[in-house]
Amino acid sequence: MTERVIKVGLGDRSYPIVIGNDPELGDIAAKALPGRTDLMIVTNETVGPLYLEKTEEILKKAGFNVRSCVLKDGEKYKTVDSWMQILTSLLEADYGRDCALAALGGGVVGDMAGFAAACYQRGVPYIQLPTTLLAMVDSSVGGKTAINHPLGKNMIGAFHQPRAVIANLSTLKTLPEREIAAGMGEIIKTAAICDTEFFEYLEKNAQKVFSHDPKVLSHIVGRCCEVKADVVSRDEREGGIRAILNFGHTFGHAIEAFLGFGTWLHGEGVGLGMVIAGSLSQRRGYITHDEFERLKKLVALCHLPHEIPESMNADDFIRLMRHDKKVRHGTIRYVLLKRFGEAAVYSDVSDDEVRSLITSMKDAQRG
């Protein structure tokens, strides 16, 4: 399969997303990081044993002086302590302002490595080497970097664009089914908010993702990256249209925080979050009952949660969503489906409306 290149257009900060099976990492990294020799690979204890040695070898052959920082694996370690571990590794290696970082792993690694790159010596470049489906289709693209706070997800961070994103589809073969499903959460989101033809494609082909069909994976990752690149190029810092990419995230982040970061994968929270936001969209008359059922059915088909945890009530959602980054002047802003295949941000959803929604959904779950 030939490599596919998608450009994120940001003027002199534009960068490529390269998608393929074993793309030419050394050449791409050398072009993306001209004049840089000191390179710190940030990975975790799960990905490291699989890909770190080979990645180090390739990058050394490309002329880099490579060191590595191996973090603990999981959302619960997306903390200030892990971020500090990266900075300490850079300092102990005596890396200066002419160094760079490479994020080898999923969204957690990418977010933390990117945030460390944004802060180290007031900012150094980095590249993304995503190894999970979720990271390939969403978190590695767009320059959002962050760590979590106990009161909210991704509340401490910076916009810091990578110099390149290199998605090696062959790494997906080692992913467990749960991680594939988590990636499908962001993929369904992309289709639901802007591409009904893509949604229909997923309805027909989603199961082929779990069998690692190369053509289906290439098409899905490519289409999601096209959408993300277009939106980021038009609204880098989420001042307008980029906010629609958060469909399902406000409810989903609240679930993740309530259960404890790492209990559910991010894509699992997004999956249920979309069902809740879709239900609210239907109650408001923006989408039909049949369209909502299609969304819910696709979420379930992809092995994602679609029922609210029994222990979580409406007030839990409201309390935690008040720590969402989209809150403005004390008002929670919700991304809903304006119509099937199109999303918008709404600031007129009352707490009582959310209480009614959550209560009715939980009643329906209990039968």
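Data block above holds the structure.
Each chain carries its own residue numbering, running from 1 in the direction its sequence is written. Totals for whole chains, interfaces and linings use all residues, but because this is a predicted model, local features are given only for residues with pLDDT of at least 70 and pairs of side-chain atoms are given and counted only at 80 or more. Heavy atoms from the whole structure form the basis of all side-chain values; hydrogens and water molecules are not counted.

1. Focus: the overall build of the protein chain
Then, in step 1: For the protein chain, the count of helices and strands is 13 helices and 11 strands.
Then, in step 2: With respect to the three principal axes, the spread of C-alpha positions in the protein chain is 60 × 40 × 35 Å.
Then, in step 3: Sequence separation of 24 or more characterises 74% of the internal contacts of the protein chain that already satisfy a separation of 6 or more.
Then, in step 4: Shrake-Rupley sampling with a 1.4 Å probe provides the accessible areas, and residues are treated as covered by the protein chains on show and by no other component. Approximately 15,000 Å² of the protein chain is accessible, and the part contributed by carbon and sulfur atoms is 48%.
Then, in step 5: Under the counting rule used here, the positive set is Lys and Arg, the negative set is Asp and Glu, and His together with the chain ends is not counted. A charged residue contributes its charge at one atom only: NZ of Lys, CZ of Arg, CG of Asp or CD of Glu. If the 44 positive side-chain charges of the protein chain are averaged to one point and the 47 negative ones to another, these points end up 3 Å apart. Strands here mean DSSP runs of E at least two residues long; helices mean DSSP runs of H or I at least four residues long; both are numbered from the N terminus. In this description, contact between two residues means that some pair of their heavy atoms is separated by no more than 4.5 Å.

2. Here's the deal with the packing of aromatic side chains
Then, in step 1: Working definition: rings of Phe, Tyr and Trp (its six-membered ring) pair if their centres are within 6.5 Å, and the pair is stacked with planes under 30 degrees apart, edge-to-face with planes over 60 apart, and tilted otherwise. In the structure shown here, the tally under the stated rule is six aromatic pairs.
Then, in step 2: With 6.4 Å between their ring centres and 25 degrees between their planes, Phe 198 and Tyr 201 make a pair best called stacked. Placement of the pair is Phe 198 and Tyr 201 together in helix α7 (residues 196-210), with a separation of three residues, close to one helical turn.
Then, in step 3: Residue classification places Tyr 201 among the partly exposed residues on the basis of a relative accessible area of 22%.
Then, in step 4: Pairing Phe 251 with Phe 317 gives two aromatic rings, centres 6.0 Å apart and planes at 70 degrees, and the pair type is edge-to-face. Pair noted here: Phe 251 is in helix α9 (residues 249-259) and Phe 317 is in helix α12 (residues 314-321), with a separation of 66 residues, a long-range link.
Then, in step 5: Aromatic ring contacts, followed pair by pair, group Phe 251, Phe 317 and Tyr 334 into a single cluster. Buried means the residue's accessible area, taken with a 1.4 Å probe over protein chains only, is under 20% of the maximum for its type, while exposed means over 50%, and partly exposed covers the values in between.

3. A few points about the pattern of salt bridges
Then, in step 1: The working definition used for a salt bridge is a side-chain nitrogen of Lys or Arg within 4 Å of a carboxyl oxygen of Asp or Glu. Per the stated rule, a full pass over the model turns up 26 salt bridges.
Then, in step 2: Residues Arg 4 and Glu 226 are paired through a salt bridge, measuring 2.3 Å at the closest nitrogen-oxygen approach. Highlighted residues: Arg 4 in strand β1 (residues 4-8) and Glu 226 in helix α8 (residues 214-234), separated in sequence by 222 residues.
Then, in step 3: Since its relative accessible area comes to 30%, Glu 226 is described here as partly exposed.

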